[in-house]
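Results of the structural survey
This is what each chain is made of:
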Amino acid sequence: MSFFDSVKLAPADPILSLTEAFKADTNPEKINLGVGVFVDESGATPILDTVHEAEKRLAETNTTKSYLPITGKPDYASLTQELCFGSELKSRLAGRLASAHTPGGTGALRVAADFIAKNLSSPKIWLSSPSWANHKGVFSAAGLELESYDYFDHSTLSLDYEAFKASMESIPAGDIVVLHACCHNPTGADLSSEQWNEVAEIAKAKEWIPFLDFAYQGFGTGLEEDAYGVRRMASNGGLLFVAQSFSKNIGLYRDRVGALHILTGSEDEAQRVSSQVKIAVRSNYSNPPTHGGDIVIAILGDPALRERWEGEVTAMRDRINRVRIQFVDALKEAGINRDFSFLEKQNGMFSFTGLTQEQAIELREKHSIYIVESGRMNVAGITSSNLPRLTSVLKSMLDN
């Protein structure tokens, strides 16, 4: 008998396990469209030039490896708040924001979940159907009760706004609704500014609390445009949670850099909330890692470096949008009967392709093309070198 005899083998993560399978695949023509990372035309996930410059400066000026404060450096909080809310709104919210530097957007979600579970009166957490797979895991692990709201029409592969709106109007006061600020993962279907306005009014009238997952700022329409939903909700005058990530727009995937912002009703509330956030952090990972956070400070805090970075974000977004068009055109030129024009209307790296679980498995097992079994594809993984093969395989599979 072993002490660990009762431990069962956990199921593999549906997305990260794809990367492991991809690495083990010996097919020289394998294509990875599963994991959510940006790649350039050569198929590599680049380190941004501004990140190289920031790291060079840090290497020359760092004088200590001592611990950071529990919620990170004040400069980090200020700069990430400004990127999230804009300078004018940030000033208006001064004193009401409780912020924390977290290990990635996932860390922000988990710290918020622990704070909610310990301090609030058992609200339910509402997730979109579908949503990012890890949302359920993070909030469930904190002991929170989950519900789902309507969001996506699988027959049209687009936002089902009327069903979504009806769901928003039915959610009880005091519950927390997780909304994707932009580049909805996994569908790529986003709300328009007019729809955000309407949802913000519903939230205000029904008195549920928005929780914006803001993982892809700049990858949708633009850095400012993608913040519309967050800023509209913050302008409501009510409470708000925001989980911010810099994995994608600064390319700091493995450095795990994020922020949690909680908008409260007063300075006194913000101080009390911040004190409880510190306990959630302290009992989890104690304090945040410094390297990635210092890169964010260096880039966002230097006007010249920030301008260069904004250009890099634009280039990444333009590549994603260009790939979407090229993919749709290639499918059309191949004579595939199915209409894939919806891909051009979606935002960000991800698309729900409408491919079935069986087709996703066939792509992986027979052709070494890796997408999530839900049919979600990372279009950012498509390059000019793998597009012809991808198109050919899809034509042979869909025409049979």
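Summarised in this report is the structure supplied together with it. (Residues numbered from 1 in each chain as written. Predicted model: local features only at pLDDT ≥ 70, side-chain atom pairs only at ≥ 80, totals over all residues. Heavy atoms only, no water.)

**Concerning the layout of surface pockets**
- In this structure, the largest pocket spans a volume of roughly 1400 Å³.
- Contributing to the lining of the largest pocket are 49 residues, with Val35, Gly36, Val37, Lys248 and Tyr253 lying nearest its centre.
- At the level of elements, helix H1 (16-24), strand E1 (31-32), helix H2 (49-61), helix H5 (104-119), helix H6 (133-141) and strand E13 (376-378) are the ones that each hand at least two residues to the lining of the largest pocket.
- Its residues assigned to classes, the lining of the largest pocket comprises 20 nonpolar, 19 polar and 10 charged.
- Empty space within the second largest pocket amounts to approximately 290 Å³.
- Considering the residues around the second largest pocket, the lining is formed by 17 residues, among which Phe115, Leu120, Leu239, Glu269 and Val273 are closest to the centre.
- Looking at the lining of the second largest pocket element by element, the count peaks at 4 residues for helix H10 (residues 267-282).
- For the lining of the second largest pocket, the residue count by class is 10 nonpolar, 5 polar and 2 charged. (1 Å grid on protein atoms, 1.4 Å probe; cavity = no way out; pocket = protein on both sides within 12 Å on 5 of 7 lines; lining within 4 Å. Points joined across faces, edges and corners; volume = space filled by probe spheres on them. Helix = DSSP H or I, 4+ residues; strand = E, 2+ residues; numbered from the N terminus. Nonpolar A, V, L, I, M, F, W, Y, C, P; charged D, E, K, R; others polar.)

**Description of empty space enclosed by the protein**
- If you walk through the whole model with that rule in mind, you get 2 cavities of 30 Å³ or more.
- Volume-wise, the largest cavity comes out at about 50 Å³.
- Lining the largest cavity, in full, are Ser128, Tyr149, Tyr151, Leu179, His180, His184, Asp190, Leu191 and Trp196.
- For the lining of the largest cavity, the per-class residue count stands at 5 nonpolar, 3 polar and 1 charged.

**Details of the nonpolar core**
- The biggest cluster of nonpolar side chains holds 95 residues, and the ones touching the most others in it are Phe85, Met168, Leu179, Trp208, Met233 and Leu394.
- Per-element tally for this core: the top contributor is helix H12 (residues 303-333), with 10 residues.
- Beyond its immediate stretch of four places on either side in the chain, methionine 168 contacts Tyr149, Val177, Leu179, Val199, Ile202, Lys206 and Trp208.
- Core analysis: the next-biggest nonpolar cluster, separate from the first, contains 27 residues, Ala98, Ala113, Ile262 and Val281 among them. (Core = buried A, V, L, I, M, F, W, Y, C linked by side-chain atoms within 4.5 Å. Buried < 20%, exposed > 50% of the residue type's maximum accessible area, 1.4 Å probe, protein only. Contact = heavy atoms within 4.5 Å.)

**Quick look at the packing of H2 against H12**
- As a packed pair, H2 and H12 sit with axes 9 Å apart at the nearest point and diverge in direction by 150°. Classed by the angle they form, the pair H2 and H12 counts as roughly antiparallel. Here Asp49, Thr50, Glu53, Ala54 and Arg57 of H2 lie close against H12, whose contacting residues are Leu305, Arg308, Trp309 and Glu312.
- Residue classes in the contact of H2 with H12 are distributed as 3 nonpolar, 1 polar and 5 charged. (Axes fitted to C-alpha atoms, helices over the stretch in contact; angles between N-to-C directions. Parallel < 35°, antiparallel > 145°, perpendicular 65-115°, else oblique.)

**Structural notes on the sheet that holds strand E2 (residues 97-102)**
- Strand order in the open sheet made by the 7 strands is E2-E10-E9-E8-E7-E3-E4, with mixed pairing throughout. With one partner strand each, in any of the chains shown, E2 and strand E4 (146-150) form the two edges of the open sheet. Pairs of neighbouring strands in the sheet enclose a mean axial angle of 25°, with direction left out of account.
- Where E2 and strand E10 (residues 258-263) come together, 6 bridges link them in antiparallel fashion. The residue bridging threonine 102 from the neighbouring strand is glycine 258, located in E10. (Pairing = 2+ DSSP bridges.)

**Some details on the packing of aromatic side chains**
- With the rule as written, the count across this model stands at 13 aromatic pairs.
- A centroid spacing of 5.4 Å and a plane angle of 85° characterise the contact between phenylalanine 3 and phenylalanine 4, whose relative ring orientation is edge-to-face.
- Here phenylalanine 3 falls in the exposed class, since its relative accessible area comes to 74%.
- Classification of phenylalanine 4 as exposed rests on a relative accessible area of 57%.
- A centroid spacing of 5.8 Å and a plane angle of 35° characterise the contact between phenylalanine 340 and phenylalanine 342, whose relative ring orientation is tilted.
- Taking the relative accessible area as the measure of exposure, phenylalanine 340 reaches 6% and is therefore buried.
- Given the relative accessible area of 9%, phenylalanine 342 is considered buried.
- Each member of the aromatic cluster is reached from another via a ring pair, and the members are Phe115, Phe139, Phe211 and Phe241.
- Across the ring face of phenylalanine 22, the terminal group of lysine 30 is positioned such that the distance to the ring centre comes to 4.6 Å. (Phe/Tyr/Trp six-rings, centres within 6.5 Å; stacked < 30°, edge-to-face > 60°. Lys NZ or Arg CZ within 6 Å of the ring centre and 35° of its normal.)

**Concerning the pairing of E10**
- Of all 6 residues in E10, 6 are buried; the element is thus mostly enclosed.
- Every second residue of E10 is oriented toward a common face, with Gly258, Leu260 and Ile262 on one face and Ala259, His261 and Leu263 on the other, all of them buried.
- Bridging between strand E9 (residues 240-245) and E10 involves 6 bridges; their strand directions are antiparallel. Looking at the pairing, phenylalanine 241 lines up with isoleucine 262 of E10.

**Quick look at the environment of glycine 34**
- Examined against the element boundaries, glycine 34 turns out to sit in the loop between E1 and H2.
- Sequence-wise, glycine 34 and valine 230 are 196 residues apart; in three dimensions their C-alpha atoms are separated by 28 Å.

**A word on H12**
- Look at H12: 45 Å from first C-alpha to last across 31 residues, which is about the 45 Å you get at 1.5 Å a residue.
- The backbone nitrogen of alanine 304 lies 2.9 Å from a side-chain oxygen of the residue at the head of H12, namely aspartate 302.
- Just beyond H12, the residue with positive phi is glycine 335, at close to 85°. (Expected span 1.5 Å × (residues − 1). Polar contact = N/O pair within 3.5 Å; in protein donor to acceptor, adjacent residues only side chain to side chain.)

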